[in-house]
Amino acid sequence: MPTVKVSNLAPDVQPRRRRLVITARAAASFDPQGRSVAAARAFVRDTLQGWGFADIVDDAVVLTSELVTNAVVHAGTRAEVLCLRTEDGVRVEVADRYPERELPLHHPGERPYADPDREDGRGLMLCAALATRWGVEYTATHKHVWFRLDMPDRPVGTRSAGPVVPDQLLPLADSRVRVAVLQIDATDTICAWNEDAEIVFGHPAEKAVGRPLAELAAWPQTPGTGTGIAEALRLSRWEGSYGIRGADGRVIPVYASHLRVRDAHGEPSIVCLLVHDDERALLMSPVRVPIDGGHLADSRPVDPFEIFIGSPAPDDLDGLLQRTVERARDLLDADSAFLLLATDDETELEVRATTGLPSTRQRFARVPVEAGTNRYGSARMPAVHEDLAVVPGAVPLLENTGMRSAVTVPLKVEGRLTGSLGIAAENPGRYSNEDALRLQFAADRIALAVESARLGELERLRRGSLSFLVEASDLLAGTLDRDQTLALMAQMTVPTLATWCAVYTIADPASDPYLSYVLHEDEERIDGLKDLLSHVSPPEPVREAGARPWPSTAVAVGGETVVLPLLARNRVIGMLTLGKPSEEHFRQEILELAEDLSRRAALALDNARLYSERTAISRSLQRSLLPPGSPAIPGIEVEVIYRAAGEGNEVGGDFYDVFPIRPGVYGFAIGDVCGTGPEAAAVTGLARHALRLLAREGLGGPAVLERLNAAILDEGARSRFLTLLYGELHPQPDGSAHMKVVCAGHPLPLRLRRNGEVVPAADPQPLLGVLDDLELYEQTLTLDPGDVLLCVTDGVTERREGTRMLGDDGLAEVLTTCTGLTAGAVASRVLRAVERFAAEPASDDMAILAFRIPEQRRGD
């Protein structure tokens, strides 16, 4: 059969006829089961991050998730995933063994091949929306769906020297400049820590070496935005800002330059140079600056944006904002600068970048724009504040910072407020209206680029959030254990969404919230946090969705704390509390992501509760079907072993009973009901109780079983046929025992004589629950001292390993080795033989009932 290819291009992509150069490849196969989807996502994520493709990893994970779901869930075949690294991107192929499902041609007026409301087909829609190129290829045995994602273009290797500037304009630094030098090995663990690092951060080398860098680094990353610490440590070169936790627990802002190197043995490691963030000029790569009246050396006209920001412009929002505040500060020779972005409803401004301000003025803090007290002056118009001491609260961000004069200007795009840019000085009266016009000119140059970068960040955050929630849903759906669900909730929030979290649960509407789980990103602080929260009144269970602050805990713990209700099935079942240290704040996007997670987690937690309750009820009912205990029969050893197959089952279709009928006479039964589950258990209960009642009425074995047969048939559609071995046991004064047995379709009982001979102890007769007119007869035998009677269900004789089966002969062979053993030892040896017969766990219920007549002691 020839290969059929169906290829599609994104609307703005034209075919290019060139050879695809593959620089690396990775492949994996996944079985047709639900958990394979999560495994495939993890495989693609790890592969692309290892290749340094962090910019496109979220799109690749989402597309892979949909395509693998189509293969292993909808098509029900194995999925083969192949990742190919090219010079400018990555190609991912997902193959399954369902080639006959062709891609239908789409004609005008017909329903498209994929629809968002349909469960299948969405993978192709996502490919069309996200991929640079994609296609479907059919062969005689496989179907391949592939997509290609190209890396965004970005300038690399740009270098230049700065111009000569007067000494008074040089950047400030401490009189003794200290550069911390760290070396990170291939496992991301610190292997070198110089003297300056000890002085700057307070950790002696012996305490720092051997610890993962992630334990000390306060990395400013949220899902879908920027590069995480793991990705940064895989890049050949990285430069930027983050924080290092000092020995006193304080986060010290640093500017770092990472370089990946190889030692003489070829082993990779990372050399990190770190300085205080306000000394970043020591390490920051210089940028090209315009010369000769706004033209570069090549006489190319320069955009006013490049005049202000420099070239190349940062390719991420955080870098662009930080460069903006630094240039604004230098533009007007200010002591500090700050930039805030407006929320979607433009009612608040969110701090996104500062320079020269205390560390408490951190990112994502919010201030009102114009409504209420402490409003942000008039953020929609330029404003000059000659003395902030005269008008306190005019610029809330600058309160208690020592700044006296300030200029604030709006960032606007098409007349819409998108943010605010400001500079400030320690002296009053520093700025005039001309300074405000200069700053406004700069703000106009940067506003459109900032808004574009902000929208790009929101899109990356949305895609990262989607990937995060998909994986979270898979993890939560994979367990019905309450404690494991609580642990998963906490582990998914820390440290991705918060520094610490606590989960409170509510057993019923009349109960108080109970602190069920606490987690902190620093494991050494978990016990202290748990003790602290145990002495704080729990939050009020409020039904309104969304995050709300928890001031009492914020005061006790320090930092910002929010509470999200866990709502499931129209009631509050608990609260999820999240916290950050005092120098950090929650972004609105993170709170919205936490709200989505809390809804999923609440349903998973309630499902675990319902499962636990129903399991407890089921086990209680199942235990009621077991006999209360075996009576002690004078002169006879009795041993019972019962094993129910299936998770959480204590009673299945197999059953047994040993009970007194009248003085000196005992009844016993062992049976197997057709099928499993509640219906089989119901017949089990009917049979066991009916046998006791009928036997104690004085009926013989055949009459007991005939009446039980009629009772089963009376159940109608709920009836189940069953095999049953029933007997009466009469101990004799001479130490022997007379037995009367009826074997109705059940595996025959086996008698082990003292000489090792094994023989059947009864003849087969029709089973119960099938025929109306049933005629049964009773057989008698005498067990002599040393004899054993072994009764089992078919879970023992039908034990399989491939095509092999233990069978009646195999059981008899095992029994021949039990001469001289007690009844308990006989039953245990049979069980061990059954378990060792096959490597896989038993899939059927098993019951083993053994009677033994003890041998008479000499002199008795």
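Predicted, not measured: the structure shown is a model, and the values here were computed from it.

Cut-offs and rules
Residues numbered from 1 in each chain as written. Predicted model: local features only at pLDDT ≥ 70, side-chain atom pairs only at ≥ 80, totals over all residues. Heavy atoms only, no water. Helix = DSSP H or I, 4+ residues; strand = E, 2+ residues; numbered from the N terminus. Buried < 20%, exposed > 50% of the residue type's maximum accessible area, 1.4 Å probe, protein only. Areas by Shrake-Rupley, 256 points an atom, 1.4 Å probe, with all protein chains shown as cover. Axes fitted to C-alpha atoms, helices over the stretch in contact; angles between N-to-C directions. Parallel < 35°, antiparallel > 145°, perpendicular 65-115°, else oblique. Left-handed = near helix turned anticlockwise from the far one by under 90°. Contact = heavy atoms within 4.5 Å. Nonpolar A, V, L, I, M, F, W, Y, C, P; charged D, E, K, R; others polar. Salt bridge = Lys/Arg side-chain N within 4 Å of Asp/Glu carboxyl O. Core = buried A, V, L, I, M, F, W, Y, C linked by side-chain atoms within 4.5 Å. Pairing = 2+ DSSP bridges. pLDDT = per-residue confidence, 0-100. Expected span 1.5 Å × (residues − 1). Bend = angle between axes of the 7 residues up to and from the residue. Phe/Tyr/Trp six-rings, centres within 6.5 Å; stacked < 30°, edge-to-face > 60°. Lys NZ or Arg CZ within 6 Å of the ring centre and 35° of its normal.

(A) Spotlight on the overall build of the chain. Check the secondary structure of the chain and you find 19 helices and 35 strands. Here the chain holds 860 residues, and the buried ones make up 47% of them. Accessible surface for the chain amounts to roughly 42300 Å². Of this, 50% is attributable to carbon and sulfur atoms.

(B) Highlighting the packing of helix H10 (residues 433-477) against helix H11 (residues 482-493). Where H10 contacts H11, the axes come no closer than 10 Å and their chain directions differ by 165°. Judged by the inter-axis angle, H10 sits roughly antiparallel to H11. Between H10 and H11 lies a crossing of right-handed hand. Of H11, the residues touching H10 (which contributes Phe468, Ala472, Leu475 and Leu476) are Thr485, Leu488, Met489 and Met492. A per-class count over the contact of H10 with H11 returns seven nonpolar, one polar and no charged.

(C) Spotlight on the pattern of salt bridges. This structure, assessed with the given rule, holds 37 salt bridges. For aspartate 318, the salt bridge is made with arginine 352, and the minimal N-O distance between the two is 3.3 Å. With aspartate 318 in helix H9 (residues 317-331) and arginine 352 in strand S14 (residues 348-355), this pair connects stretches of sequence that are 34 residues apart. A relative accessible area of 3% means that arginine 352 is categorised as buried. For arginine 692, the salt bridge is made with aspartate 657, and the minimal N-O distance between the two is 2.8 Å. Residue arginine 692 is located in helix H15 (residues 678-696), and its partner aspartate 657 is located in strand S25 (residues 654-662); the two are separated by 35 residues in the primary sequence. Here arginine 692 and aspartate 657 have matching classes, each one buried. Look at the salt bridges and you will find they share partners, linking Asp59, Glu459, Arg462 and Arg463 into a network.

(D) Representation of the nonpolar core. Ranked by internal contacts, the top residues of the largest apolar core, which has 35 residues, are Leu48, Trp51, Val68, Val81, Val90 and Phe147. Breaking this core down by element, the ones donating at least two residues are strand S2 (22-30), helix H1 (35-50), helix H2 (57-75), strand S3 (79-86), strand S4 (89-96), helix H3 (122-130), strand S5 (133-138) and strand S6 (143-150). Per-element tally for this core: the top contributor is H2, with eight residues. One finds Leu469, Cys501, Leu564 and Ala604 within the second-largest nonpolar core, a separate group that totals 33 residues.

(E) Focus on the sheet that holds strand S8 (residues 190-193). Strand order across the open sheet formed by six strands is S8-S7-S12-S11-S10-S9, with antiparallel pairing between neighbours. The sheet is open, and its two edges are formed by S8 and strand S9 (217-218), each paired on a single side. Here strand S7 (residues 180-184) runs beside S8; their pairing, made up of three bridges, is antiparallel. Each residue of the ladder has a partner; that of glutamine 183, found in S8, is alanine 192.

(F) The sheet that holds strand S30 (residues 758-760), seen in detail. The strand order across the open sheet built from five strands is S24-S35-S32-S29-S30, with neighbouring strands paired in antiparallel fashion. The sheet is open, and its two borders are formed by strand S24 (637-643) and S30, each paired with just one other strand. Between one strand axis and the next, the sheet turns through 20° on average, direction left out of account. In this sheet, strand S35 (residues 846-852) lies alongside S24 in antiparallel orientation, the contact comprising seven bridges. Paired with glutamate 637 across the strands is arginine 852, a residue of S35. Its contacts with the sheet place helix H18 (residues 807-816) against strand S29 (750-752), S30 and strand S32 (788-792), and it is angled at close to 20° to S29.

(G) Structural context of the confidence of the model for the chain. For the chain, mean pLDDT is 81; residues scoring 70 or higher make up 83% of the total. Of the regions scoring below 50 in pLDDT, residues 1-18 engages in 30 contacts with residues more than four places distant in sequence or in other chains. Here residues 371-375 is a poorly scored stretch, pLDDT under 50, and it has eleven contacts once near neighbours within four places are set aside; other chains count.

(H) Representation of the side chain of glutamine 440. Along the chain, glutamine 440 falls in helix H10. Here glutamine 440 falls in the buried class, since its relative accessible area comes to 13%. Excluding residues that lie within four positions of it along the chain, glutamine 440 makes contacts with Pro382, Val409 and Pro410.

(I) Inspection of H2 at higher detail. Helix length check: H2, at 19 residues, gives a terminal C-alpha distance of 26 Å against a target of 27 Å (1.5 Å per residue), a fit within 8%. The largest bend in H2 amounts to roughly 30° and is located at threonine 69. The element H2 is largely enclosed, with a buried count of 15 among its 19 residues. At the exit of H2 stands glycine 76, carrying a positive phi of roughly 70°.

(J) Here's a closer look at the packing of aromatic side chains. In total, this model carries seven aromatic pairs according to the counting rule given. Between the aromatic rings of tryptophan 51 and phenylalanine 53, the centroid separation amounts to 6.4 Å while the plane-to-plane angle is 75°, which identifies the pairing as edge-to-face. Comparing tryptophan 51 with phenylalanine 53 shows no difference in burial state: the two are buried. Measuring from ring centre to ring centre gives 6.0 Å for tryptophan 238 and tyrosine 242, while their planes differ by 40°; the resulting arrangement is tilted. When the ring centre of phenylalanine 837 is taken as origin, the NZ or CZ atom of arginine 804, which lies over that ring, is 4.3 Å away.

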